[in-house]
Amino acid sequence: MNFGISTACYYPLYTELAVKELAEHDVKNIEIFVNTSSELKPAYAKKLKQILDHYGMKAISVHPFTSRLECNLFFSDYYRRFLDGIELYQKYFDFMEQIGAKILVFHGNYQESPFPDESYFERYGILQEEIQKRGLLLAQENVYAFKSHSLDFLVRMKQALHNQVHFVLDIKQAYLSKQDIFSMVDQLGEQIIHLHVSDHRSGERCLPIGKGDFDFATLFQKMEQKQFDGYAMLELYRHNYQEYDELYDSLKRLQQIDF
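Residues numbered from 1 in each chain as written. Predicted model: local features only at pLDDT ≥ 70, side-chain atom pairs only at ≥ 80, totals over all residues. Heavy atoms only, no water.

Attention now goes to the overall build of the protein. Each helix and strand in the protein was counted, giving ten helices and ten strands. Taken against the 2.2 N^0.38 rule, which gives 18 Å for 259 residues, the C-alpha radius of gyration of the protein at 18 Å falls within 12% of a compact globule. Considering only C-alpha atoms, the protein reaches an extent of 45 × 45 × 30 Å along its principal axes. Here the protein holds 259 residues, and the buried ones make up 55% of them. Looking at the protein alone, contacts between residues at least 24 apart form 78% of all its contacts between residues at least 6 apart. (Helix = DSSP H or I, 4+ residues; strand = E, 2+ residues; numbered from the N terminus. Rg over C-alpha atoms; globule rule 2.2 N^0.38 Å. Buried < 20%, exposed > 50% of the residue type's maximum accessible area, 1.4 Å probe, protein only. Contact = heavy atoms within 4.5 Å.)

See the structure below:
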């Protein structure tokens, strides 16, 4: 099992400063949360890549700040907007190529949207084809209040795309959505290529590792059985912890789990 930390944990600290903070604590594998459009510009990506290279770091994945817009961009009856959405996301693909990241995290459509699931799967497949032309991967994340919160939806998505689909499994989102995460692993299996990890306990859905009672050993064991060779990225919200040291302690705890 490979581990890392997302720059999302530091929001609203500027992204490059979050990367430097991680570098100073010898965190080598990270997820980049892009927070605004100016961070997609080639000059910024070049600057970020220089930081990564200087410290021997690797950007594994990228999370778009436009996740909340994906409902309107990709899943409406206004097809021209869908095409423009693809053009917009090409900027993320460019950014990923520049910094060396391979996985783009995708939220998708809101749960209450009337847009048909069959059309969702079709549109997703088109976007997936576009990113694959770059040698990159699109990965659907399970997200509360989105269509993807439901294991049933994700299984149907997997079937509709003939297993040619990838998933990000997020522990806190599964807990909030009242979905059994171990069943998600069992049914989505080898299509899971990335993890967002955090701890939780009754009434508190997102905690540093060791502050809750989640059974990480069983999760990692199940993932290993599914031949998982991706990364488990620590992803906390800034109000879920007090000091940055809690992030680095969480990473150490993850690395020490015996499974």
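On we go from here.
This part is about helix α6 (residues 151-160). Among the residues of α6, those classed as buried are Leu151, Phe153, Leu154, Val155, Met157 and Lys158. Buried residues along α6 sit against α5 (117-132), β5 (137-141), β6 (167-170) and α8 (181-188). Sitting at the head of α6, Ser150 places a side-chain oxygen 3.2 Å from the backbone nitrogen of Asp152. Positive phi shows up at His162, right after α6, with a value of about 55°. (Polar contact = N/O pair within 3.5 Å; in protein donor to acceptor, adjacent residues only side chain to side chain.)

Here we take up the confidence of the model for the protein. Averaged over all residues, the pLDDT of the protein is 98; the fraction at 70 or higher stands at 100%. Of all helices and strands in the protein, the one with the weakest mean pLDDT is strand β9 (residues 204-207) (96), whereas strand β4 (residues 103-106) scores best (99). (pLDDT = per-residue confidence, 0-100.)

A few words on the environment of Gln164. When you line up the elements, Gln164 lands in the loop between α6 and β6. For Gln164, a relative accessible area of 55% translates into the label exposed. For the pair Gln164 and Gln191, spaced 27 residues apart in the sequence, the C-alpha separation amounts to 8.0 Å.

It is worth spelling out the packing of helix α1 (residues 15-24) against helix α2 (residues 42-55) at this point. For the pair α1 and α2, the least separation of the axes is 10 Å and the interaxial angle reads 5°. Judged on the interaxial angle alone, α2 and α1 are roughly parallel. Every residue of α2 that contacts α1 at Thr15, Glu16, Val19, Lys20 and Ala23 is listed here: Tyr44, Lys47, Leu48, Ile51, Leu52 and Tyr55. (Axes fitted to C-alpha atoms, helices over the stretch in contact; angles between N-to-C directions. Parallel < 35°, antiparallel > 145°, perpendicular 65-115°, else oblique.)

Close approach of charged atoms allows side chains with opposite charge to pair. Going through the model one piece at a time under the given rule, you end up with 14 salt bridges. Measuring nitrogen to oxygen at the nearest pair gives 2.6 Å for the salt bridge that ties Lys172 to Glu235. Taken together, the residues Lys172 in helix α7 (residues 171-176) and Glu235 in the loop between β10 (231-234) and α10 (245-255) connect sequence positions 63 residues apart. A residue is classified by how much of its surface remains accessible, and Lys172, at 0% relative accessible area, is buried. Exposure remark for Glu235: the relative accessible area of 7% places this residue in the buried category. Connected through salt bridges with shared partners, the residues Asp117, Lys147, Asp152 and Arg156 form a single ionic network. (Salt bridge = Lys/Arg side-chain N within 4 Å of Asp/Glu carboxyl O.)

Before going further, it helps to examine the environment of Leu236. The residue Leu236 is located in the loop between β10 and α10 in this model. Residues contacting Leu236, with those up to four places away along its chain left out, are Ala8, Cys9, Ser198, Cys206, Leu207, Pro208, Tyr241 and Leu247.

With that settled, the discussion passes to unusual backbone geometry. Most peptide bonds adopt trans geometry, and most residues besides glycine take a negative phi value. The step from Tyr11 to Pro12 runs through a cis peptide bond, and the omega angle for that step is 15°. Within the fold, Pro12 resides in the loop between β1 (2-6) and α1. Here the phi dihedral of Asp26 falls at roughly 60°; this positive angle occurs in a residue that is not glycine. Given a relative accessible area of 53%, Asp26 falls into the exposed group.

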